[in-house]
Amino acid sequence: YYSYDSVNGIMTIESIGDASGEITITAEDNLGNAYPSMPIIFYTSDSLEINQFLIYPNPYSPTLQASTGLYIGFSITQTADVVIYLFDSFGRQVMYTESATYAVGYHTQAFDSIITQTSKYLASGIYYFKIVAKDSEGVTVSETAKFAVY
């Protein structure tokens, strides 16, 4: 079941049950001009998982992309407290975020201000972002992704 608020352009899915799948949304403006369709992938899980972990742009150039920034995208299957760490290629921790609670779903975290402030200390090379999520029962999962700075 879903509802759509046409004034604010918000679609709310009331219940997706115990299934996984994909919803394709097609939109048009009030003049009838169609916008590209967009698939939304959804899934439910009885356990905490981190999925769709993306870093973009990758590779990242603080000189060329400082205005657009660096972003991390990820989805989680349970509400969880999340900390994101940045490590260099030697395994040394460069920075981390404070723990924040994220709801089920896809999230994007901007790192533009952190990277811009520290870019003079980030030499060209390979770095790793590690996401650590902990649910209300104390179950902890993590995922790591590599990105390059040039």
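All of these numbers come straight from a predicted model, not from anything done at the bench. (Residues numbered from 1 in each chain as written. Predicted model: local features only at pLDDT ≥ 70, side-chain atom pairs only at ≥ 80, totals over all residues. Heavy atoms only, no water.)

*Asks:* What's the story with the sheet that holds strand 10 (residues 105-110) in this structure? I'm lost.
*Replies:* Picture the strands of a sheet paired through backbone hydrogen bonds; they go either parallel or antiparallel. Taking strand neighbours across the sheet as the criterion, the three strands line up as 5-6-10 in an open arrangement whose pairing is antiparallel. Looking at which strands have only one partner, the edges of the open sheet turn out to be strand 5 (50-56) and strand 10. Within the sheet, the average angular offset between the axes of one strand and its neighbour, ignoring direction, is 15°. Relative to strand 10, strand 6 (residues 71-76) runs antiparallel, the two sharing six bridges. Among the inter-strand pairings, Tyr71 is bridged to a residue of strand 10, identified as Ala110. (Pairing = 2+ DSSP bridges. Helix = DSSP H or I, 4+ residues; strand = E, 2+ residues; numbered from the N terminus. Axes fitted to C-alpha atoms, helices over the stretch in contact; angles between N-to-C directions.)

*Asks:* How should I be thinking about the pairing of strand 6 in this particular structure?
*Replies:* Side chains on a regular strand alternate between the two faces of the sheet. Across the six residues of strand 6, five count as buried, placing the element largely inside the fold. Pairing of strand 5 with strand 6 involves five bridges; the strand directions are antiparallel. From the neighbouring strand, Tyr56 faces strand 6, where its bridge partner is Tyr71. (Buried < 20%, exposed > 50% of the residue type's maximum accessible area, 1.4 Å probe, protein only.)

*Asks:* Please explain the nonpolar core as it appears in this structure.
*Replies:* Ile72, Phe74, Phe129 and Phe147 are the most contacted members of the largest nonpolar core, which has 24 residues in total. Of all the elements in the fold, those that place two or more residues in this core are strand 5, strand 6, strand 7 (80-88), strand 11 (125-134) and strand 12 (140-149). (Core = buried A, V, L, I, M, F, W, Y, C linked by side-chain atoms within 4.5 Å.)

*Asks:* Would you explain unusual backbone geometry in this entry?
*Replies:* For residues besides glycine, phi is generally negative; the peptide bonds are generally trans as well. Residue Tyr56 is joined to Pro57 through a cis peptide bond whose omega torsion reads -5°. Here the amide bond leading from Asn58 into Pro59 is cis, since omega sits at 10°, within 30 degrees of zero. With respect to the helices, strands and loops of the structure, Pro59 is situated in the loop between strand 5 and helix 1 (62-65). One non-glycine residue, Gln52, adopts positive backbone phi at about 50°.

*Asks:* How should I be thinking about the side chain of Asp135 in this particular structure?
*Replies:* Looking at the element boundaries, Asp135 is found in the loop between strand 11 and strand 12. At a separation of 3.0 Å, a polar atom in the side chain of Asp135 contacts the main-chain amide nitrogen of Glu137. Apart from residues no more than four positions distant in its own chain, Asp135 is found in contact with Leu48, Thr79 and Ala80. (Polar contact = N/O pair within 3.5 Å; in protein donor to acceptor, adjacent residues only side chain to side chain. Contact = heavy atoms within 4.5 Å.)

*Asks:* Can you help me understand a nonpolar patch on the surface in this one?
*Replies:* Judged by side-chain polarity, Leu54, Tyr56 and Tyr106 come together as a nonpolar surface patch covering roughly 280 Å² of accessible area. Counting through the fold element by element, Tyr56 comes out in strand 5. (Patch = residues over 30% accessible without salt bridge, like charges linked within 9 Å, V, L, I, M, F, W, Y side chains within 5 Å. Areas by Shrake-Rupley, 256 points an atom, 1.4 Å probe, with all protein chains shown as cover. Salt bridge = Lys/Arg side-chain N within 4 Å of Asp/Glu carboxyl O.)

*Asks:* I'm lost on the environment of Lys146 in this one. Help?
*Replies:* With respect to the helices and strands, the residue Lys146 is situated in strand 12. Since its relative accessible area comes to 51%, Lys146 is described here as exposed. A sequence separation of 58 residues divides Lys146 from Asp88, and the C-alpha atoms of the two residues are 9.7 Å apart. Setting aside residues no more than four positions away along its own chain, Lys146 makes contact with Ile55, Asn58, Ile126, Tyr127 and Tyr128.

*Asks:* Help me out: how do you make sense of the packing of aromatic side chains in this one?
*Replies:* Two measures describe an aromatic ring pair: the distance that separates the ring centres and the angle between the ring planes. Evaluation of the coordinates by the stated rule reveals six aromatic pairs. Pairing Phe74 with Tyr102 gives two aromatic rings, centres 5.4 Å apart and planes at 70°, and the pair type is edge-to-face. Of this pair, Phe74 sits in strand 6 while Tyr102 sits in strand 9 (residues 100-102); the two residues are 28 residues apart in sequence, bridging distant segments of the chain. Grouping residues by exposure puts Phe74 and Tyr102 together as buried. Members of the aromatic cluster, connected to one another through ring pairs, are Tyr85, Phe87 and Tyr96. (Phe/Tyr/Trp six-rings, centres within 6.5 Å; stacked < 30°, edge-to-face > 60°.)

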